[in-house]
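Structure at a glance
Residue-level listing of the chains:
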Amino acid sequence: MYLYRKVSAYLEHWKADKYRKPLIIQGARQVGKTYAVLEFGKMNYDNVAYFNFQTNTTLAATFEENISPSYLLPLLSHISGQTITKGKTLIVFDEIQLCERAVTSLKYFCEEAPEYHVIAAGSLLGVAVNREKFAFPVGKVDRYTMYPMDMEEFLLAMGEEDLVKQIYDCYRKNAPMPAALHEAALKLYRRYLAIGGMPEAVARYLDTEDFTQVRHVLETVQMDYLDDMSKYQESANEIKKTRLAYGTVAVQLSKKNTRFQYKIIKTGARAAEYENAIEWLASANLIFRIWRAGQVLKPLENYKDIDDFKIYLSDMGLLCAQKDIRAEDILYMEEELTDFKGGMTENYVGIQLIRSGLRPYFWRNEKGTQEVDFIVPLQGRLIPVEVKSGSHVGSTSLREYVKRYAPLYSIRVSEKNFGFDNNVKSVPLYAVFCIKDTN
């Protein structure tokens, strides 16, 4: 079963780029890195020489001896059983974070053998690079981060190519979707919340249409993530803290104020006690942090409040599985979900914006009484994005923000159809992937 991933377009550009360097694709486990790279290799090269440092435990010894390409290439050809030809063979190093010398070798492929096409993939590379002795080839590699499938990729997997085209068209024109299509797209959005974007979960749904099967896949991924926390941290105390922090993200999102609060992890918990755990989870791409903008000025990075942030889980399916929320409750948005619905929707919008290449922040007034969910840079302007989980869209927070900062326009994401009224662009929840900086 072929699932289209947006990384394919990036890989095609990378292959054709005359300034191409060895490429590192990083991201959380099970987001589809290996699948995407191997499919690309099959379609664009004469052959693929594939090396997995996790399944081939003796492979690392080859790199301990010598990491010069002139030494490695004949050995790699022998190990893989593939003739490695300049420009015609794709060399793939998988789970490369398990071999520091292999990561370092990418520097020499860049300097001494740039005509060879090399892609490395690592599921916990961000964690590995943070180790004190890890030598990363800074400036000698291209880098790309993969995430679980976004809403657009999910719709394409569902066979909704025409619907995706119409969504883009309505977004550009601020023209409402036909009512029947709008309702159908909202149903697909709710299905995405229940399934998420982990490729195996999406594939299992396409094969079975059974949410119980999907939940089994997601629970297995959750267990793998918890195992990784044990494997890639040396201290039992840090493992415990990391698991506690990871397990409370959904609880944080159930609060009216979704700002991250350490006391929710454990009574009396402080930042100094858990900040390493949060950093580990962020480096592993299991969570995303979005900071408060102290001032609404460019660049927002200069004004972020490092002590005031929100945390979102990387995948919607995993978020719902973590709290054992039934798919049926999400599909029909049962009343019992009221406390969680707002935070869940905010998590969804946040990760869609990040996957569009944006770096969102949020705004809160000095008294802490008004808050706008996201601020994103679009076409050189800072645009506020207000999120509503339903069709009720009244917002005193957005009005106060507009009064203070007079943005070019505002975006409101909700269940309402496309439109543009009172300088507010209405974007349906299923169309957040359209929001991106097109400069």
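Now for a description of the structure that goes with this document.

1. A closer look at the overall build of the chain
Assigned secondary structure in the chain consists of 19 helices and 13 strands. Rg of the C-alpha trace for the chain: 23 Å, near the compact-globule value of 22 Å for 439 residues, within the 12% margin. Put simply, the chain has 439 residues, and 56% of those count as buried. Contacts spanning at least 24 positions in sequence make up 70% of the contacts within the chain whose residues lie at least 6 apart. Across the chain, the centroid of the 56 positively charged side chains sits 5 Å from that of the 56 negatively charged ones.

2. Comments concerning the packing of aromatic side chains
If you walk through the whole model with that rule in mind, you get 22 aromatic pairs. Ring geometry for Trp 363 against Tyr 405: centres 6.1 Å apart, planes inclined by 85°, an arrangement best described as edge-to-face. Taken as a pair, Trp 363 in strand β8 (residues 361-364) and Tyr 405 in helix α19 (residues 396-405) lie far apart in primary sequence, 42 residues in all. On the basis of relative accessibility, which here comes to 2%, the residue Trp 363 falls in the buried class.

3. Observations concerning helix α4 (residues 69-80)
Taking 1.5 Å of rise per residue, twelve residues should cover 16 Å, and α4 covers 15 Å from first to last C-alpha, within 8% of that figure. Listed as buried for α4 are Pro 69, Leu 72, Leu 73 and Leu 76. For α4, the angular spread of buried residues about the axis comes to 105°, placing them on one side. Of the exposed residues in α4, the ones pointing more than 90 degrees away from its buried face are Ser 70, Pro 74 and His 78. Of the surrounding elements, those touching the buried residues of α4 are β2 (47-52), α3 (59-65), β3 (89-94) and α5 (100-112). Just past α4, the residue Gly 81 takes up positive phi, approximately 70°.

4. Structural notes on the sheet that holds β3
Strands belonging to one sheet form pairs held by backbone hydrogen bonds; the direction of such a pair is parallel or antiparallel. The sheet built from five strands is open, its strands ordered β2-β3-β4-β1-β5 with parallel pairing. The open sheet is flanked by β2 and β5 (142-145), the only strands paired with a single partner. The average undirected angle you get between the axes of adjacent strands in this sheet is 20°. Looking at chain direction, strand β1 (residues 23-26) and strand β4 (residues 117-122) are connected through four bridges and run parallel. Considered in β4, the bridge of Ile 24 is made with Ala 120. On the sheet, α4 packs against β2 and β3 and is oriented at approximately 90° with respect to β2.

5. Quick word on the pattern of salt bridges
Any two side chains of opposite charge can pair if their charged atoms end up close together. Scanning the entire structure with this criterion turns up 29 salt bridges. The salt bridge involving Arg 292 is made with Asp 308; its shortest N-O contact spans 3.0 Å. In this pair, Arg 292 sits in strand β6 (residues 287-293) while Asp 308 sits in strand β7 (residues 304-313), placing the two residues 16 residues apart along the sequence. In terms of burial, Arg 292 and Asp 308 fall into one category: buried. The salt bridge partner of Arg 326 is Asp 329, with a shortest N-O separation of 3.0 Å. On the basis of relative accessible area, Arg 326 is assigned to the partly exposed category, the value being 46%. What emerges from the salt-bridge pattern is a single network uniting Arg 259, Arg 292, Asp 305, Asp 308, Lys 310, Glu 346, Arg 364 and Glu 371.

6. Thoughts on the nonpolar core
One finds Met 151, Ile 167, Tyr 348, Tyr 430 and Ile 435 to be the most contacted residues of the largest nonpolar core, which totals 124 residues. Per element, the largest residue contribution to this core is eight residues, and it comes from helix α9 (residues 179-195).

7. Considering the packing of α9 against helix α11 (residues 211-231)
Put simply, α9 and α11 touch, their axes get as near as 10 Å, and they point 45° apart. Put simply, α9 runs oblique to α11. Where α9 abuts α11, its residues Arg 191, Ala 194 and Ile 195 lie against Phe 211, Val 214 and Leu 218. Partitioned by chemical class, the residues of the contact of α9 with α11 number five nonpolar, no polar and one charged.

8. Here we look at the environment of Tyr 405
Owing to a relative accessible area of 29%, Tyr 405 belongs among the partly exposed residues under this scheme. Apart from residues lying up to four places away in sequence, Tyr 405 is in contact with Val 296 and Trp 363. Here the side chain of Tyr 405 touches Trp 363 through a polar contact of 3.3 Å, side chain to side chain.

9. Remarks on the pairing of β4
Burial analysis of β4 places six of its six residues in the buried class, which makes it a mostly covered element. Side-chain alternation along β4 places His 117, Ile 119 and Ala 121 on one buried face and Val 118, Ala 120 and Gly 122 on a second face that is also buried. Inspection of the sheet shows β3 paired to β4 by five bridges, in the parallel sense. Each residue of the ladder has a partner; that of Phe 93, found in β4, is Ala 120.

10. Description of the side chain of Arg 355
With respect to the element layout, Arg 355 can be found in helix α18 (residues 338-355). With no salt bridge to any partner, buried Arg 355 finds its closest opposite charge in Asp 315, at an N-O distance of 4.9 Å. Engagement of the side chain of Arg 355 in a polar contact is seen with the backbone oxygen of Pro 148, the distance being 3.3 Å. Those residues within four positions of Arg 355 in sequence are excluded, and the remaining contacts are Tyr 147, Pro 148, Met 149, Asp 150, Tyr 192, Ser 314 and Asp 315.

11. Describing the state of the cysteines
Using the criterion set out here, one finds zero disulfides in the structure. Free cysteine Cys 110: the closest other cysteine sulfur is in Cys 99, separated by 19 Å. Residue Cys 110 is classed as buried on the basis of its relative accessible area of 17%.

Calculation rules
- Residues numbered from 1 in each chain as written.
- Predicted model: local features only at pLDDT ≥ 70, side-chain atom pairs only at ≥ 80, totals over all residues.
- Heavy atoms only, no water.
- Helix = DSSP H or I, 4+ residues; strand = E, 2+ residues; numbered from the N terminus.
- Rg over C-alpha atoms; globule rule 2.2 N^0.38 Å.
- Buried < 20%, exposed > 50% of the residue type's maximum accessible area, 1.4 Å probe, protein only.
- Contact = heavy atoms within 4.5 Å.
- Lys, Arg positive; Asp, Glu negative; His and termini not counted.
- Charge placed at Lys NZ, Arg CZ, Asp CG, Glu CD.
- Phe/Tyr/Trp six-rings, centres within 6.5 Å; stacked < 30°, edge-to-face > 60°.
- Expected span 1.5 Å × (residues − 1).
- Arc of directions from axis to C-beta.
- Pairing = 2+ DSSP bridges.
- Axes fitted to C-alpha atoms, helices over the stretch in contact; angles between N-to-C directions.
- Salt bridge = Lys/Arg side-chain N within 4 Å of Asp/Glu carboxyl O.
- Core = buried A, V, L, I, M, F, W, Y, C linked by side-chain atoms within 4.5 Å.
- Parallel < 35°, antiparallel > 145°, perpendicular 65-115°, else oblique.
- Nonpolar A, V, L, I, M, F, W, Y, C, P; charged D, E, K, R; others polar.
- Polar contact = N/O pair within 3.5 Å; in protein donor to acceptor, adjacent residues only side chain to side chain.
- Disulfide = S-S within 2.5 Å.

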